[in-house]
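# Fold and geometry: a report
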Amino acid sequence: MLKPVITLLCILMGTISVNMVGQNNLPIYLDESKPIEQRVEDALSRMTLEEKVAMCHAQSKFSSAGVPRLGIPENWATDGPHGIRPEVLWDEWDQAGWTNDSCIAFPALTCLAATWDKDLSALYGKSIGEEARYRNKNILLGPGVNIYRTPLNGRNFEYMGEDPFLASKMVVPYIQGVQANGVAACVKHYALNNQEIDRHTVNVNVDDRTLYEIYLPAFKAAVQEGKAWAIMGAYNRYKGEWACHNQYLLNDILRGEWGFDGVVVSDWGGVNNTKQAIYNGLDMEFGSWTDGLSEGASNAYDNYYLANPFLKLLYSGEVKVEEVDKKVRNILRLAFRTTMNTKRPWGSFGTPEHAAAGRKIAEGGIVLLKNNNNVLPIDLNKTKKILVVGENAIKPMTVGGGSSSLKAKYEIAPLDGIMKRMGTQAEITYARGYVGDPTSEYNGVKLKRDLHDSRSAAELIGEATKLAKDADVVIFIGGLNKSDGQDSEGNDRKALNLSYGQDNVIAELAKANKNLIVVNISGNAIAMPWINDVPAIVQSWYNGTESGTALASILAGDANPSGKLPFTFPVKLDDNGAHKLGDYPGLNKEATYHESIFVGYRWIDKEKIKPLFPFGHGLSYTTFEYGKASADNKEMTADGKISFYVSVKNTGNREGAEVVQLYISDLKSSLPRPVKELKGFEKVNLKPGEEKTVTFTIDKTALSFFDDKKHDWVAESGDFEALIGVSATDIKSKIGFKLK
Ligand code: BGC
């Protein structure tokens, strides 16, 4: 009874017109039983030009306007991608000082990629999506899927490694998990943002083949398989145009070829030109440093490229209304998918479940790189004295690194995790070893632990080595951190080697104690000049709230390591194509990717280089035996499929998980191709003695390359090989087959 009365009143008051009322007496745009496109058109038809333009640009650091008159809420974005950023002030980056916004910090995306586990990606997406939803955010600024082109890139830790297939498979469940909460995943940074140096100005020159084969697949999967509702343009330029308003990337590829129907959000300050922002595919502008904003005027946001300058062009008729309508349609669609979906769940925040999810992901992603003499896991029945050395054992890593910096509800540092797990069974001593960067503050979030230490390098090494001689086991915990010039936004690293004299500390510790375990915490590969002197090496990541707990459970053997490297560890920088060819960071703000498709292991294979640790590598505390691989056919047709089978058996005495990897090799082709490319992977969990058969089924997409001339994917008939491996350099069996 009430509904018809309200509707009638609305009609009489003129707020809705009669022909826009649906059968159940709701205005069509509010009627969730109606198709979304019909609701979009209905809402659009009710809006003024000013209301439309207001939707296309920010109204604060992280929000944009809704249509209050129509009950369409504002959009609220949040970083991303490892946890929900603390609330910031309306006009500033500084945190607002809320006391109810401390989140669960999840492991960095490099760790997620290192799990090679799609289920863990789904768990990640679900958990962070719930946190975003609870905080009433409808756009999560993540995940990031820029390809790891150089180990110096300061933001690699926010991405998913060097391989387009791995990143494509891992990004999809994350997006689906986030969006199941009625929160849009905003995949970033589209595209070619592969270095931080000169990120606002550099123009990337890359051939189409490389673009399509290496740099775009993860974005394409995010759009077509993950059905991402938002995408963020990158800061850099491509074909001379900024990526945030780029005809080729946004209009031709994203919308034209992939059929993207979501919102294109600019990176913060990534818009540089009104006309291009109008015509080249952008929908929402954020973070621009217009004069208004840098002067701090209250109407700063009116000076955005897509604010008053846009409105003026619309008023004068120089730009057609259809141009703003196109953008607003995308933004309204986002509203109907998120804020205006009355069935979306409510979310949850800072829960033990989310912390446990983060811990599980961390345990699944930590990589055991080397383990001679079974130094690991630490046998607590025999070990009485453990010495822990290194700044990263005590340094919280959730603060810093740029926009992904968090205010975590709590963070268990490695030393705390080790004390908690092993402290009752062994005597644990700590020595600093070196001083890296004792400052840890970001946008007003400060750490409680004081990391300052004024002793000299010689004194610190002296103390550590003296204690090391007396210990049963020494655990060195170092690596990179989130400070400028390390793993941090806005800058790249200067060198592959560790800084702060860590190489020296490790070398001295190796002399003092033969049971040395080195734990490298980073989001990037590092050089290891001491590798031959250290029996056990663990690659850990920025693992968030439960990082110390997860690391301790790997070191103690409660969890069996099963992570695999999502990128190559080269011995030296020149073992990387971009560096070898002198194409990094570019000349006169032009970065030309001469190494083309030969990124990561593709370069290592082509140049026959022995890496320090190959892509896909990771050991376990148990052993696996592979059977001989077989196929269901000797040939496949262009529209057919072929399956490969391989059995894996756990031959050790602990439960463990193995990642079986399928690489495809094209034995003869008209264009140069990588020696092999990852085209399948499966993580299998096996009890001691258990055996499982893994099946990979591929079609011609796994055999195709992108032909620039035809502008299409091509699979050439001829001979191929399927390689079953445990890493890019450890191939267990090969099967030849033909494409007819
Ligand atoms: C970063 C984005 C981030 C945005 C908002 C930019 O500087 O490049 O990744 O989402 O800031 O904080």
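Up top is the structure.
For the structure given in this document, a descriptive report is provided here. What you are looking at is a predicted structure, and each value in this text was computed from that prediction instead of being measured. (Residues numbered from 1 in each chain as written. Predicted model: local features only at pLDDT ≥ 70, side-chain atom pairs only at ≥ 80, totals over all residues. Heavy atoms only, no water.)

### Let's talk about the overall build of the chain
Put simply, the rule reads: A run of DSSP states H or I qualifies as a helix once it reaches four residues; a run of E qualifies as a strand once it reaches two. Both are numbered from the N-terminal end. This radius of gyration counts C-alpha atoms alone. The globule rule is 2.2 Å times how many residues there are, raised to the power 0.38. Relative accessible area decides the class of each residue, using a 1.4 Å probe on protein chains only: under 20% of the type maximum gives buried, over 50% gives exposed, and in between gives partly exposed. For this analysis, residues touch if any pair of their heavy atoms sits within 4.5 Å. To measure how exposed things are, a 1.4 Å probe is used in the Shrake-Rupley method; for residues, cover is taken only from the protein chains shown. We count Lys and Arg on the positive side and Asp and Glu on the negative side, and we leave His and both chain ends out. The location of each charge is read from NZ of Lys, CZ of Arg, CG of Asp or CD of Glu.
Across its full length, the chain holds 20 helices and 29 strands. Since a compact globule built from 740 residues should have a radius of gyration of about 27 Å, the 27 Å found for the chain is in line with a globular shape. Expressed as lengths along the three principal axes of its C-alpha atoms, the size of the chain is roughly 85 × 65 × 60 Å. Per-residue burial for the chain yields a buried fraction of 64% across its 740 residues. Residue pairs at least 24 apart in sequence account for 75% of intrachain contacts in the chain once pairs closer than 6 positions are excluded. A total accessible area of about 27200 Å² is found for the chain, and carbon and sulfur atoms account for 51% of it. When the 84 basic and 91 acidic side-chain charges of the chain are each reduced to a single mean position, those positions are 3 Å apart.

### As for the nonpolar core
Condition: As used here, the term nonpolar core means buried Ala, Val, Leu, Ile, Met, Phe, Trp, Tyr and Cys residues forming a set that is joined through side-chain atoms within 4.5 Å.
Grouped together as the largest cluster of nonpolar side chains are 205 residues, with contacts concentrated most on Tyr190, Ile475, Ile517 and Leu555. The biggest single contributor to this core is helix α6 (residues 164–179), with nine residues. Tyr190 has contacts with Leu216, Phe219, Ile231, Met232, Gly233, Ala234, Ala243, Leu249, Leu250, Ile253, Leu254 and Trp258, leaving out every residue within four places of it along the chain. Among the nonpolar cores identified, the runner-up in size contains 25 residues, and Phe624, Ile664, Phe696 and Phe737 belong to it.

### What about the site of the ligand?
Formally: Working definition: residue near molecule or strand if any one of its non-hydrogen atoms lies within 4 Å of it. As used in this structure description, the phrase polar contact means that two N or O atoms lie within 3.5 Å; if the pair is within protein, one of them must be able to donate a hydrogen and the other to accept it, and residues adjacent in sequence are counted only when both atoms belong to side chains. Asp, Glu, Lys and Arg are counted as charged, while Ala, Val, Leu, Ile, Met, Phe, Trp, Tyr, Cys and Pro are counted as nonpolar; the rest, among them Gly, fall into the polar class.
Taken together, 15 residues lie around the ligand, and Asp79, Arg155, His189, Asp267 and Glu489 are the ones closest in. In this structure, an oxygen atom belonging to the ligand sits 3.2 Å away from a side-chain N or O atom of Arg85. When the ligand sits alone it has 310 Å² of accessible area, and the protein chains cover 96% of it. Across the shell around the ligand, the residue classes tally to six nonpolar, two polar and seven charged.

### A few points about the side chain of Thr274
Within the secondary structure, Thr274 sits in helix α10 (residues 274–279). Among the residues examined, Thr274 registers a relative accessible area of 14% and is labelled buried. A polar side-chain atom of Thr274 sits 3.1 Å from the main-chain carbonyl oxygen of Tyr305. Residues contacting Thr274, with those up to four places away along its chain left out, are Tyr305, Pro309, Phe310 and Leu313.

### A word on the pattern of salt bridges
Selection rule: Any carboxyl oxygen of Asp or Glu within 4 Å of a side-chain nitrogen of Lys or Arg constitutes a salt bridge here.
Under the criterion given, the structure shown has 46 salt bridges. Residue Lys275 is joined to Glu318 by a salt bridge in which the shortest nitrogen-to-oxygen separation is 3.0 Å. Here the residue Lys275 occupies a position in helix α10, and Glu318 occupies one in the loop between α12 (308–316) and α13 (321–337), the gap between them amounting to 43 residues. Given a relative accessible area of 38%, Lys275 falls into the partly exposed group. Ionic contacts of the salt-bridge type, sharing partners, join the residues Arg155, Glu158, Glu196, Arg199 and Glu489 into one network.

### Things to note about a negative patch on the surface
What counts, and what does not: Patch rule: a residue counts if its relative accessible area is over 30% and it has no salt bridge; like charges are joined within 9 Å, and nonpolar side chains (Val, Leu, Ile, Met, Phe, Trp, Tyr) within 5 Å.
A surface patch of negative charge is lined by Asp91, Glu92, Asp94 and Glu441. The exposure class assigned to Glu92 is partly exposed, which follows from its relative accessible area of 43%.

### Considerations on the state of the cysteines
Our working definition: In plain terms, two cysteine sulfur atoms within 2.5 Å form what is called a disulfide here.
For the structure shown, the criterion picks out zero disulfides. With no disulfide of its own, Cys186 lies closest to Cys244 among cysteine sulfurs, the gap being 10 Å.

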